[in-house]
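Observations on chain architecture
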Amino acid sequence: MREPTMVAGLDSNASGAGSEPLSPPTSPPQALIERLKDYGQEDVFSLWDELSPDERHLLVKDIETLDLSRIDRIIRCSLRSQALPVAAIEPVPESCVSSVEERTMEEKERWWKMGLKAISEGKLAVLLLSGGQGTRLGSSDPKGCFNIGLPSGKSLFQLQAERILCVQRLAAQAMNEGSAGSVTIHCYIMTSPFTDDATRKFFESHKYFGLDADQVTFFQQGTIPCISKDGRYIMETPFKVAKSPDGNGGVYSALKSSRLLEDMASRGVKYIDCYGVDNALVRVADPTFLGYFVDKGVATAAKVVRKAYPQEKVGVFVRRGKGGPLTVVEYSELDSSLASAINQQTGRLRFCWSNVCLHMFTLDFLNQVANGLEKDSIYHLAEKKIPSIHGYTMGLKLEQFVFDAFPYAPSTALFEVLREEEFAPVKNANGSNYDTPDSARLLVLRLHTRWVVAAGGFLTHSVPLYATGVEVSPLCSYAGENLESVCRGRTFHAPCEIAF
């Protein structure tokens with residue numbers, strides 16, 4: 001496992017004082033007070049006289065870890081942006097989308113081969129967004145550790161790692177390079193302060209699920225202070241500023257501050273497949289999607305699924321302004337008349353392409369967007385209950401989203417996929433109405449059952465088939481290919497795992 005080199009950011013562990021004082025300060029460091037006054041944040045020392053010597057030391061250390069000028073710029077730019085008008089939205093032009101029904105078999109085969117070639121040449125890296133805990137799933141573990149109840153008992157992390165192993169093998173075979181060990185897809189896994197240690201230990205205890213430890217790099221997203229509506233830091237305790245993760249869009253600044261963009265370049269990486277961990281059907285390092293991306297020659301691409309119904313709570317891709325860039329608007333930003341509007345030519349919703357956090361970027365673009373987002377310093381503001389010295393108080397969390405990159409892209413292409421084949425979100429605990437481990441498990445079992453039947457296999461089952469099915473190990477097949485020798489003429493009793 002390779003560790004990134006960290007440089008100063010929001011959460012550097014290095015104290016700005018250079019070394020720990022020999023004894024706790026009896027008064028706040030004057031230089032630090034003056035700096036805080038410059039940014040209107042001197043109130044963090046308002047309870048100084050009530051603190052013990054150890055608590056005073058902890059408070060000074062906490063403040064010294066903050067990049068005060070950067071945070072001030074983010075707060076000012078983010079608050080100011082709330083009052084700015086935004087350009088009207090337009091539907092995504094049909095020319096920007098590769099839809100399922102228009103895609104030919106020849107195109108799919110060509111893109112598959114192009115993708116495998118790029119993978120065999122070491123040009124693809126995987127970027128996994130895994131900073132979230134499974135709180136809504138009833139677990140404090142990282143989401144990727146979650147077992148959705150498949151016959152194999154595999155976690156989300158294991159399913160995704162084994163898909164990478166399968167693609168490596170397919171790429172090696174396609175290029176006649178012998179063993180799968182001759183092809184390596186490097187994996188960059190973004191954690192958060194809340195999931196980092198548990199994620200590393202989970203991979204180590206499972207021997208990286210067959211991946212080489214050296215092909216996996218962990219790095220942490222940043223955190224940023226929570227603020228009041230007038231921009232002042234909220235104190236979680238009298239000696240600690242309340243902080244929260246900076247959102248999955250913090251991946252760009254984290255890659256830059258960890259010098260991992262340079263690491264990618266040194267490995268010969270040109271394309272990055274970026275996805276969220278909480279999708280049980282994600283096709284990690286998808287050769288077809290990569291081939292499409294390379295063929296189009298664009299800076300960014302995203303897999304999209306067709307919106308199921310007008311009020312579905314998903315963000316959708318739009319064009320921002322006349323001839324402007326593609327971007328994503330959240331469902332809450334789309335009024336009901338626009339959400340329900342129909343394209344009379346296609347019969348689809350005018351705003352129908354749902355964002356499912358399956359993206360492809362060039363390395364050149366990641367460098368560009370990391371600089372652009374840092375320069376503009378505009379974060380989304382979410383009003384939340386924040387733990388504070390006054391109990392839970394309403395305040396603002398600042399965060400960026402991974403889709404904030406798209407307005408910076410000179411060109412973006414969308415690639416439609418079928419949700420029943422590639423989108424099984426795991427967000428809510430069983431018993432909820434949607435996006436549960438049970439619903440994701442059934443989507444996996446139903447898809448794999450179709451693969452087995454298409455390959456000439458048969459199923460028996462003691463419960464209704466709609467409630468069960470078979471699981472195909474990713475080590476057997478990536479997307480239903482190469483199953484005939486395993487399945488033809490054989491009968492499988494559901495539920496079970498097909499593996500070799």
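With that out of the way, let us pick up the environment of T362. Assignment of secondary structure puts T362 in strand β14 (residues 353-362). A sequence separation of 128 residues divides T362 from R490, and the C-alpha atoms of the two residues are 44 Å apart. If we ignore the near neighbours within four places in the chain, the residues touching T362 are K270, Y271, I272, F293, V298 and A299. In this structure the side chain of T362 is engaged in a polar contact, spanning 3.0 Å, whose partner is the backbone nitrogen of F365.

The contact between helix α4 (residues 105-120) and helix α9 (residues 287-296) brings their axes to 6 Å, and the two run at 90°. By the criterion of interaxial angle, the relationship of α4 to α9 is roughly perpendicular. Contact residues: α4 offers K108, R110, W111, W112, M114, G115, L116, A118 and I119, while α9 offers P287, T288, L290, G291, Y292, V294 and D295. Grouping the amino acids of the contact of α4 with α9 by side-chain chemistry returns 10 nonpolar, three polar and three charged.

This next bit is on the pattern of salt bridges. Counted according to the given criterion, the structure contains 27 salt bridges. The shortest N-O distance in the salt bridge between E121 and K117 comes to 2.6 Å. On the accessibility criterion, E121 (38% relative accessible area) is partly exposed. Residue K117 is classed as partly exposed on the basis of its relative accessible area of 42%. Of the charged contacts, one joins D197 and K201 as a salt bridge, the two residues approaching to 3.0 Å between their closest N and O atoms. In this pair, D197 and K201 are both assigned in helix α6 (residues 196-205), four residues apart and thus about one turn of the helix distant.

Once that is clear, we can look at the environment of F351. Positionally, F351 belongs in the loop between α10 (336-340) and β14. Judged by relative accessible area, F351 falls into the buried class, the value being 1%. Between the C-alpha atom of F351 and that of T436, which follows or precedes it by 85 residues, the distance is 26 Å. Dropping the residues within four chain positions of it, F351 is found in contact with I89, E90, P91, K307, V316, V318, L334 and L338.

One can find E422 in helix α12 (residues 419-422). A distance of 2.6 Å separates a polar atom in the side chain of E422 from a polar atom in the side chain of K303. Leave out the neighbours within four places in its chain, and E422 touches N279, L281, V282, R283, D286, K303, L358 and V417.

About the thresholds
- Residues numbered from 1 in each chain as written.
- Predicted model: local features only at pLDDT ≥ 70, side-chain atom pairs only at ≥ 80, totals over all residues.
- Heavy atoms only, no water.
- Helix = DSSP H or I, 4+ residues; strand = E, 2+ residues; numbered from the N terminus.
- Contact = heavy atoms within 4.5 Å.
- Polar contact = N/O pair within 3.5 Å; in protein donor to acceptor, adjacent residues only side chain to side chain.
- Axes fitted to C-alpha atoms, helices over the stretch in contact; angles between N-to-C directions.
- Parallel < 35°, antiparallel > 145°, perpendicular 65-115°, else oblique.
- Nonpolar A, V, L, I, M, F, W, Y, C, P; charged D, E, K, R; others polar.
- Salt bridge = Lys/Arg side-chain N within 4 Å of Asp/Glu carboxyl O.
- Buried < 20%, exposed > 50% of the residue type's maximum accessible area, 1.4 Å probe, protein only.

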